[in-house]
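Single-letter residue listing:
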Amino acid sequence: MSKAKLIITAVVVEGRSQAQVAAEFGVSKGWVSKLMARYRAEGEAAFTARSRRPHTSPGAIDDAVVQRILGLRHRLTAAGLDAGPDTIAWHLHHHHNVTVSPATIARYLTKAGLVTPEPQKRPKASYTRFQAAMPNECWQSDFTHYPLLDGTDTEIITWLDDCTRMALHVSVHQRITAAIVTTTFRETVENYGVPASTLTDNGMVYTVRLAAEGRHGGRTSFENELRRLHITQKNSRPNHPTTCGKVERFQQTLKKWLRAQPDQPATITELQTLIDYFTADYNHHRPHRPLPHRAPPATSYTHLPKATPSIDRTEDTHHRIRHDIIDTDGKLTLRHNGRLHHIGIGRTHARTPIIMIIHDLNIRVINATTGEILRELTLDTTKDYQPQNQGNP
């Protein structure tokens, strides 16, 4: 039984005064008087609690604006584009001259059942955010997979400017190799200049410095290119994908848009055409929240001054020690700049365990058992085979 019914019953049936009932139930005499007046006017309907909602909501937005918000949500989602409250607010302001706060948009999207609850995630405040201060101060790179219409797997490599989120290069290949990484990097440098640093994960196509024991060796062609251009190389730690979060997020946005296309690509050429269209729209038209005034990436990249390498890596030499066994033909193999070279030692030393000390191009081969120096040479990078009678170039 509701409190209203108890109070009305006490006054009407028991004949008690309104003051006594108000004191007993801990309510004001004025409220008891209003309740009795409502009972005399409406009868038993007064027993039901009334809504406390205000008669008017001056802050509510028009139904036409609500429908426009929902329409934008459906249209952007169907196109595979970002359809969050911030993006919808940007479209309303720039295309419809209507200003609505993202919080209000989020409330109406939730009310319409268009927001899928997500499990509890790690708070964003717990991450240490970083962002380059100038374009070309840092380029992030990564590659991801996308299937063709028949299920054939392809790999897409991206070079992204850390400061402006400008997609500098996006291309699709059957398989990403160290040579492709170097080639795409050189193409990007030719188009946009030399960056001060690069940031990638520790994949073998980017670096072998962090490879498992027994697999790490000389620099890859990409690492040698960075040294030649005096570019600082940075790699994320294993199992820390958030370090390269900007390029990871770009790839997520790209694949979401690709999956939303009605005609899925059947060939690499068709997929590249779609990627080129998306990249142009992303760079020149799509608003980006982290940038001032949510400007498209190309606007910020074009108008801001560019960073350049600030260190000298001339003396950044590479040292390593290899333990190996001379093969039956009396040769050793050594990979330099992504290319495998063969070093002649002599058949008389076949199956001899050796220690190879490498200082950039200078190599010393030592018998691991006796300590005898079997050969010293300077690697001729223009030749595959390094004969025994080769002089230092």
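Because the structure is a prediction, the values reported are computed rather than measured. (Residues numbered from 1 in each chain as written. Predicted model: local features only at pLDDT ≥ 70, side-chain atom pairs only at ≥ 80, totals over all residues. Heavy atoms only, no water.)

Engineer: When you look at the environment of C163 in this model, what are you seeing that I'm missing?
Structural biologist: The topology assignment puts C163 in the loop between β2 (153–161) and β3 (167–173). Residue C163 is classed as buried on the basis of its relative accessible area, which comes to 5%. C163 sits 50 residues away from G113 along the chain, and the two C-alpha atoms are 36 Å apart. Setting aside its immediate chain neighbours within four residues, C163 contacts Q131, A132, A133, M134, P135 and L291. (Helix = DSSP H or I, 4+ residues; strand = E, 2+ residues; numbered from the N terminus. Buried < 20%, exposed > 50% of the residue type's maximum accessible area, 1.4 Å probe, protein only. Contact = heavy atoms within 4.5 Å.)

Engineer: For this particular structure, what's the right way to read the packing of helix α1 (residues 3–12) against helix α3 (residues 29–42)?
Structural biologist: Two numbers describe a pair of packed helices, the interaxial angle and the distance between the axes. Contact geometry for α1 and α3: axes closest at 10 Å, N-to-C directions at 80°. Between α1 and α3, the crossing angle belongs to the class labelled roughly perpendicular. Every residue of α3 that contacts α1 at A4, I7, I8, V11 and V12 is listed here: W31, V32, L35, M36 and Y39. A class-by-class count of the residues in the contact of α1 with α3 yields 10 nonpolar, no polar and no charged. (Axes fitted to C-alpha atoms, helices over the stretch in contact; angles between N-to-C directions. Parallel < 35°, antiparallel > 145°, perpendicular 65-115°, else oblique. Nonpolar A, V, L, I, M, F, W, Y, C, P; charged D, E, K, R; others polar.)

Engineer: What is the right way to read the nonpolar core from this model?
Structural biologist: I156, V170, F250, L254, L258, L271 and I275 are the most contacted members of the largest nonpolar core, which totals 22 residues. Of all the elements in the fold, those that place two or more residues in this core are β2, β3, α9 (245–259) and α10 (268–284). Those residues within four positions of L271 in sequence are excluded, and the remaining contacts are Y146, L148, T154, V172, L258 and P265. Counting 18 residues, the second-largest nonpolar core is a separate cluster that includes I157, W159, I180 and I231. (Core = buried A, V, L, I, M, F, W, Y, C linked by side-chain atoms within 4.5 Å.)

Engineer: What should I look at first to understand the packing of aromatic side chains in this one?
Structural biologist: The geometry of an aromatic ring pair comes down to the distance between the two centres and the angle between the two planes. Taken as a whole and judged by the stated rule, the model has 11 aromatic pairs. Note on W139 and F185: the rings are 6.0 Å apart at their centroids and 70° apart in plane angle, and the pair reads as edge-to-face. Here F185 lies in helix α7 (residues 178–192) and W139 lies in strand β1 (residues 139–147), a separation of 46 residues in the sequence. Taking the relative accessible area as the measure of exposure, W139 reaches 0% and is therefore buried. With a relative accessible area of 0%, F185 lands in the buried category. Ring geometry for W257 versus F278: centroids 5.4 Å apart, planes at 40°, classification tilted. Here W257, found in helix α9, pairs with F278, found in helix α10; they are 21 residues apart in sequence, far enough to count as distant. W257 gets classed as buried once you look at its relative accessible area, which sits at 7%. Given the relative accessible area of 2%, F278 is considered buried. Each member of the aromatic cluster is reached from another via a ring pair, and the members are W139, W159, F185, Y206 and F222. Looking at K306, its charged tip hangs above the ring of Y301, at a distance of 4.8 Å from the centre. (Phe/Tyr/Trp six-rings, centres within 6.5 Å; stacked < 30°, edge-to-face > 60°. Lys NZ or Arg CZ within 6 Å of the ring centre and 35° of its normal.)

Engineer: Where do I start with the sheet that holds strand β5 (residues 232–235) in this structure?
Structural biologist: Whenever strands of a sheet pair, they do so through backbone hydrogen bonds, lying parallel or antiparallel. The sheet built from 5 strands is open, its strands ordered β3-β2-β1-β4-β5 with mixed pairing. Two strands lie at the open edges of the sheet, namely β3 and β5, each paired on one side alone. Geometrically, the sheet is characterised by an average inter-axis angle of 20° between neighbouring strands, direction not taken into account. Pairing analysis gives 9 bridges linking β1 to β2, with the strands arranged antiparallel. (Pairing = 2+ DSSP bridges.)

Engineer: Please clarify how the sheet that holds strand β8 (residues 339–344) should be interpreted in this entry.
Structural biologist: The strand order across the open sheet built from 3 strands is β7-β8-β12, with neighbouring strands paired in mixed fashion. Every interior strand has two partners, whereas the edge strands, β7 (331–336) and β12 (385–386), have only one.

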